[in-house]
Amino acid sequence: MPQLVRHPPLDWHIHAVPSDAPLATRILVETAMAMIDVIRDDELSRLTICADSDCQGIVLDLSRNRSRRYCSTTCSNRNAQAAHRARRADQTVTA
Ligand SMILES: [Zn+2]
Ligand SMILES: [Zn+2]
């Protein structure tokens, strides 16, 4: 049952799960509550699937210009390297 509470250092906010609940339950409920805020703020476009063709990771784009495409630096680097190899292969063909 969500409860409106006020305690330092925060002003009024909602507690949706008892503080003695198991950690996994608290993470689950807090995540669900955060998702509600994302939806209410019309910011769902910040949540996408990783642009890597083999990855199903979730991308949470908090960048100012919404430029994030990969879930992690691992995916980002792998695709940057693949693009680099592709460019170099092009140059070899045309040279
Ligand atoms: Zn609190
Ligand atoms: Zn990924």
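Placed above this text is the structure.
Computed from a prediction, not measured in an experiment: that's the story for all the values here.

1. Digging into the coordination of the zinc ion (ligand 2)
Ideal donor angles around a metal are set by the shape: a four-donor tetrahedron calls for 109.5 degrees, a six-donor octahedron for 90 or 180 degrees.
Stage number 1. Protein-derived ligands of the zinc ion (ligand 2) are C50 (SG), C55 (SG), C71 (SG) and C75 (SG), with the metal-ligand distances lying across 2.3 to 2.4 Å.
Stage number 2. Around the zinc ion (ligand 2), the four donor atoms sit at angles spanning 104 to 114°, and that spread fits a shape best called tetrahedral.

2. Focus: the pattern of salt bridges
A side chain of one charge can pair with a side chain of the opposite charge if their charged atoms are brought near each other.
Stage number 1. Summed over the entire model, instances satisfying the criterion amount to five salt bridges.
Stage number 2. In this structure, the salt-bridge partner of D37 is R40, at a minimum N-O distance of 3.5 Å. With D37 and R40 both in helix α1 (residues 23-40) and three residues apart, this pair spans about one turn of that helix.
Stage number 3. Here R46 and E43 are joined by a salt bridge, their closest N and O atoms 3.1 Å apart.
Stage number 4. Via salt bridges that share partners, E43, R46 and R66 belong to a single interconnected network.

3. Some thoughts on the coordination of the zinc ion (ligand 1)
Stage number 1. The zinc ion (ligand 1) binds to the protein through H7 (NE2), H13 (NE2) and H15 (NE2); the donor distances cover 2.0 to 2.1 Å.
Stage number 2. Read in sequence order, the donor residues coordinating the zinc ion (ligand 1) give the pattern H-x5-H-x1-H.

4. Points about the nonpolar core
Stage number 1. Counting residues in hydrophobic clusters, the biggest one holds five residues: C50, C55, V59, Y70 and C75.
Stage number 2. With residues up to four places along the chain from it excluded, the contact list for C50 reads C55, G57, V59, R69, Y70, C71 and C75.

5. As for α1
Stage number 1. Taking 1.5 Å of rise per residue, 18 residues should cover 26 Å, and α1 covers 26 Å from first to last C-alpha, within 8% of that figure.
Stage number 2. Trailing α1 by a residue or two, D42 shows a phi angle of about 60°, which is positive.

6. Some words on the pairing of strand β1 (residues 3-7)
Stage number 1. One ladder, built from four bridges, connects β1 with strand β2 (residues 10-15); its direction is antiparallel. In the sheet register, V5 faces β2, and the bridge partner there is H13.
Stage number 2. Between β1 and β2, which pair antiparallel one after the other, the connecting turn spans two residues.

7. Quick notes on a nonpolar patch on the surface
Stage number 1. Side chains of L4, W12 and I14 sit close together on the surface and give an oily, nonpolar patch of about 340 Å² of accessible area.
Stage number 2. Tracing the backbone shows W12 in strand β2.

8. Quick word on unusual backbone geometry
Stage number 1. Note that the residue after P8, namely P9, is joined by a cis bond; omega there is 0°.
Stage number 2. The residue D42 is not glycine, and still its phi comes out positive at about 60°.
Stage number 3. Counting through the fold element by element, D42 comes out in the loop between α1 and β3 (47-49).
Stage number 4. The exposed category is assigned to D42, whose relative accessible area is 69%.
Stage number 5. Backbone geometry at R66 places phi at a positive 50°, although glycine is not the residue there.
Stage number 6. Turning to its location among the elements, R66 is positioned in the loop between β4 (58-60) and α2 (73-94).
Stage number 7. According to the relative accessible area criterion, R66 is partly exposed, its value standing at 38%.

Conventions and cut-offs
Residues numbered from 1 in each chain as written. Chains lettered and ligands numbered in written order. Predicted model: local features only at pLDDT ≥ 70, side-chain atom pairs only at ≥ 80, totals over all residues. Heavy atoms only, no water. Donors = N, O, S within 2.8 Å, 3.2 Å for Na, K, Ca; no water. Tetrahedral: all angles 85-135°; square planar, octahedral: opposite > 155°, others 65-115°. Salt bridge = Lys/Arg side-chain N within 4 Å of Asp/Glu carboxyl O. Helix = DSSP H or I, 4+ residues; strand = E, 2+ residues; numbered from the N terminus. Core = buried A, V, L, I, M, F, W, Y, C linked by side-chain atoms within 4.5 Å. Buried < 20%, exposed > 50% of the residue type's maximum accessible area, 1.4 Å probe, protein only. Contact = heavy atoms within 4.5 Å. Expected span 1.5 Å × (residues − 1). Pairing = 2+ DSSP bridges. Patch = residues over 30% accessible without salt bridge, like charges linked within 9 Å, V, L, I, M, F, W, Y side chains within 5 Å. Areas by Shrake-Rupley, 256 points an atom, 1.4 Å probe, with all protein chains shown as cover.

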